[in-house]
Amino acid sequence: IPEVVINNESGFLVEEGDVLGMAMNMIKLLNDPSLARKFGESGRNYVMKKFDLELYLTTISSHIIRSLDKN
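*Asks:* Quick rundown of a nonpolar patch on the surface? Include the residues and the values.
*Replies:* Together, Leu53, Tyr56, Leu57, Ile60, Ile64 and Leu68 make up a nonpolar patch on the protein surface, roughly 600 Å² of accessible area in all. Mapped onto the fold, isoleucine 60 is located in helix H3 (residues 53-70).

Here is the structure:
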């Protein structure tokens, strides 16, 4: 989910199917509550900034309008 998670800033990314890597990162978070809290805060801030409803609706609307104009 690299569109939402920034590796080592708001979470950990591993290759698809890397169960061991995912498990190891989950253990890191369990052993370091401050890191988990930091990732949670960073992730929330990123989503609030990047996935703002007004911005999303404006972007989608402009894509729809451009698509209609082409046809």
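Don't stop here, the text continues.
*Asks:* So what's going on with the packing of helix H1 (residues 19-31) against helix H2 (residues 33-50)? Residues and values would help.
*Replies:* In the contact formed by H1 and H2, the axes pass within 5 Å of each other and the chain directions differ by 105°. In terms of axis orientation, H1 runs roughly perpendicular to H2. Mapping the contact onto sequence places Leu29, Leu30 and Asn31 in H1 and Pro33, Leu35, Ala36 and Phe39 in H2. Of the residues that constitute the contact of H1 with H2, the class distribution is six nonpolar, one polar and no charged.

*Asks:* Lay out the packing of aromatic side chains with the relevant residues and their values.
*Replies:* Overall, the coordinates contain two aromatic pairs when judged by the stated rule. Relative to phenylalanine 39, the ring of phenylalanine 12 lies with its centre 5.0 Å away and its plane at 75°, an arrangement referred to as edge-to-face. Here the residue phenylalanine 12 occupies a position in the segment before H1, and phenylalanine 39 occupies one in helix H2, the gap between them amounting to 27 residues. Classification of phenylalanine 12 as partly exposed rests on a relative accessible area of 21%. By relative accessible area, phenylalanine 39 is classed as buried at 5%. Considering the side-chain rings of tyrosine 46 and phenylalanine 51, the 6.4 Å spacing of their centres and the 75° angle between planes classify their relative orientation as edge-to-face. Among the residues examined, phenylalanine 51 registers a relative accessible area of 41% and is labelled partly exposed.

*Asks:* Break down the environment of lysine 38 for me, citing the residues and quoting the values.
*Replies:* Here lysine 38 shows up in helix H2. Classification of lysine 38 as partly exposed rests on a relative accessible area of 44%. A C-alpha to C-alpha distance of 9.1 Å links lysine 38 and glycine 11, two positions 27 residues apart in sequence. What lysine 38 contacts, discounting residues up to four positions off in sequence, is Asn8 and Glu9.

So, how was this worked out
- Residues numbered from 1 in each chain as written.
- Predicted model: local features only at pLDDT ≥ 70, side-chain atom pairs only at ≥ 80, totals over all residues.
- Heavy atoms only, no water.
- Patch = residues over 30% accessible without salt bridge, like charges linked within 9 Å, V, L, I, M, F, W, Y side chains within 5 Å.
- Areas by Shrake-Rupley, 256 points an atom, 1.4 Å probe, with all protein chains shown as cover.
- Salt bridge = Lys/Arg side-chain N within 4 Å of Asp/Glu carboxyl O.
- Helix = DSSP H or I, 4+ residues; strand = E, 2+ residues; numbered from the N terminus.
- Axes fitted to C-alpha atoms, helices over the stretch in contact; angles between N-to-C directions.
- Parallel < 35°, antiparallel > 145°, perpendicular 65-115°, else oblique.
- Contact = heavy atoms within 4.5 Å.
- Nonpolar A, V, L, I, M, F, W, Y, C, P; charged D, E, K, R; others polar.
- Phe/Tyr/Trp six-rings, centres within 6.5 Å; stacked < 30°, edge-to-face > 60°.
- Buried < 20%, exposed > 50% of the residue type's maximum accessible area, 1.4 Å probe, protein only.

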